[in-house]
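One-letter residues, chain by chain:
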Amino acid sequence: MMEFLKGPIETVFSPVGIAVILTGAGIILSFTRRWRRAGTRVLISGALLFLILLLTPISQYLMLGLEKHYQPLLRPPKSAGIDTIVVLAGYAEENRSFPITTVLSERTICSMAEGLRLYRITPGAKLILSGGVVHEGDRPVAASMSDFAQQMGVSPEDIVVEGKSRTTYENLVEVQKIIAAKQFILVAQACDLMRAMAVARKLGMNPIAAPACYRALPRYTDGEGNLFEAILHPSTENLFMIQWAWHEYLGYVWYRLLGRV
């Protein structure tokens, strides 16, 4: 029951969710005679919050707080003899009428691209693809990731599919059953790695972080991002990043309460 409610509760109490609720409540109250003035104030509050989220770099800074912990892994450590690359899944929508590049989400393809890049430059490397079933009746996401890897030229003998897990914690628990304490490269979205690496270390694993798909770090490490630029170039991408960052921060706190990190 808690897992079922977690998604809606997280959305409702997110920054964008609060802005939507305030705006909607304000509109409804402004049509009533008794609460018209209060409704106008609530509506203005919701609209202002929405504009702040849309027009300021707050989303970039929230994302930066997640991405700054791990630098890009341009090449695997030569002296370590590491030959295992674990790629954590994002999302996939099973549909055999479309190519695999449409079936996999943008996030998953991005992580897979980084995993394949590292695979190509790591002698004798094996790929462990981790991700379970999203919709009942579908194949595990990891199976679709395997299809992608094979269509990109990876030998099936170099792929291990872990299709039981559905959360970051379960990803690492199931991967640990495969590799035990062996050192490995862990590929995930840059903003997801703070939680994933913390889980792996809590489990006693030996990961090397390989972030994929930075969204804020490249811009802000050079000092290029600023408030004026954000106002001149508003984007709904800001709202997406705020929700994503909110999910990760909340997830980290939740895992902390559960003793998983």
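Residues numbered from 1 in each chain as written. Predicted model: local features only at pLDDT ≥ 70, side-chain atom pairs only at ≥ 80, totals over all residues. Heavy atoms only, no water.

## Some points on the packing of aromatic side chains
Then, number 1: One pass over the structure, following the stated rule, counts 2 aromatic pairs.
Then, number 2: Between the aromatic rings of tyrosine 169 and tyrosine 255, the centroid separation amounts to 6.4 Å while the plane-to-plane angle is 80°, which identifies the pairing as edge-to-face. Separated by 86 residues along the polypeptide, tyrosine 169 in helix α8 (residues 168–179) and tyrosine 255 in helix α12 (residues 237–258) bring together distant segments of the chain.
Then, number 3: With a relative accessible area of 24%, tyrosine 169 lands in the partly exposed category.
Then, number 4: Assessed through its relative accessible area of 4%, tyrosine 255 is described here as buried.
Then, number 5: The ring centre of tyrosine 169 lies 4.2 Å from the NZ or CZ of arginine 260, which sits over that ring.
Then, number 6: Sitting over the face of the ring of tyrosine 255, arginine 260 holds its NZ or CZ atom 5.3 Å from the ring centroid. (Phe/Tyr/Trp six-rings, centres within 6.5 Å; stacked < 30°, edge-to-face > 60°. Helix = DSSP H or I, 4+ residues; strand = E, 2+ residues; numbered from the N terminus. Buried < 20%, exposed > 50% of the residue type's maximum accessible area, 1.4 Å probe, protein only. Lys NZ or Arg CZ within 6 Å of the ring centre and 35° of its normal.)

## Topic: the state of the cysteines
Then, number 1: Overall, the coordinates contain 1 disulfide when judged by the stated rule.
Then, number 2: A sulfur-sulfur distance of 1.1 Å marks the disulfide that ties cysteine 110 to cysteine 213. One end of the pair, cysteine 110, is in helix α6 (residues 106–120); the other, cysteine 213, is in the loop between β5 (206–212) and α10 (217–221), with 103 residues separating them in the sequence.
Then, number 3: Judged by relative accessible area, which is 25%, cysteine 110 ranks as partly exposed.
Then, number 4: Not engaged in a disulfide, the cysteine cysteine 191 finds its nearest cysteine sulfur in cysteine 213; these two sulfurs lie 9.0 Å apart.
Then, number 5: Taking the relative accessible area as the measure of exposure, cysteine 191 reaches 2% and is therefore buried. (Disulfide = S-S within 2.5 Å.)

## Section: the environment of lysine 126
Then, number 1: Tracing the backbone through its elements, the reader meets lysine 126 in strand β2 (residues 126–130).
Then, number 2: Relative accessible area serves as the criterion here: at 35%, lysine 126 is assigned to the partly exposed category.
Then, number 3: Once the C-alpha coordinates of lysine 126 and threonine 84 are considered, the two residues, 42 residues apart in sequence, prove to be 5.1 Å apart.
Then, number 4: Setting aside its immediate chain neighbours within four residues, lysine 126 contacts Asp83, Thr84, Ile85, Glu157 and Asp158. (Contact = heavy atoms within 4.5 Å.)

## Quick word on a nonpolar patch on the surface
Then, number 1: On the surface, Ile9, Val12, Phe13 and Ile21 cluster together into a nonpolar patch covering about 360 Å² of accessible area.
Then, number 2: For isoleucine 9, a relative accessible area of 42% puts it in the partly exposed group. (Patch = residues over 30% accessible without salt bridge, like charges linked within 9 Å, V, L, I, M, F, W, Y side chains within 5 Å. Areas by Shrake-Rupley, 256 points an atom, 1.4 Å probe, with all protein chains shown as cover. Salt bridge = Lys/Arg side-chain N within 4 Å of Asp/Glu carboxyl O.)

## Things to note about α12
Then, number 1: Spanning 22 residues, α12 covers 31 Å between terminal C-alpha atoms, matching the ideal 32 Å at 1.5 Å per step.
Then, number 2: For α12, every residue scored as buried is listed here: Asn238, Leu239, Met241, Ile242, Trp244, Ala245, Glu248, Gly251 and Tyr255.
Then, number 3: Glycine 259 lies just past α12 and shows a positive phi near 75°. (Expected span 1.5 Å × (residues − 1).)

## Quick notes on unusual backbone geometry
The phi torsion of most residues other than glycine is negative, and most of the peptide bonds are trans.
Then, number 1: Its identity as a non-glycine residue notwithstanding, alanine 180 has a phi of 55°, on the positive side.
Then, number 2: Given a relative accessible area of 45%, alanine 180 falls into the partly exposed group.
Then, number 3: One non-glycine residue with positive phi stands out, namely cysteine 213, at about 60°.

## A word on the nonpolar core
Then, number 1: Core analysis: the biggest nonpolar cluster contains 27 residues, and Ile85, Val87, Leu127, Leu129, Ile185 and Val187 have the highest contact counts within it.
Then, number 2: Elements supplying a minimum of two residues to this core: β1 (84–88), α5 (100–103), α6, β2, α7 (141–151), β4 (183–189) and β5.
Then, number 3: No other element matches α7, which puts 5 residues into this core.
Then, number 4: With sequence-adjacent residues up to four places away left out, isoleucine 85 is seen in contact with Gly115, Leu118, Tyr119, Thr122, Ala125, Lys126, Leu127, Ile128, Ile185 and Val187.
Then, number 5: In this structure, Leu172, Phe184, Leu193 and Val261 belong to the second largest nonpolar core, which totals 20 residues. (Core = buried A, V, L, I, M, F, W, Y, C linked by side-chain atoms within 4.5 Å.)

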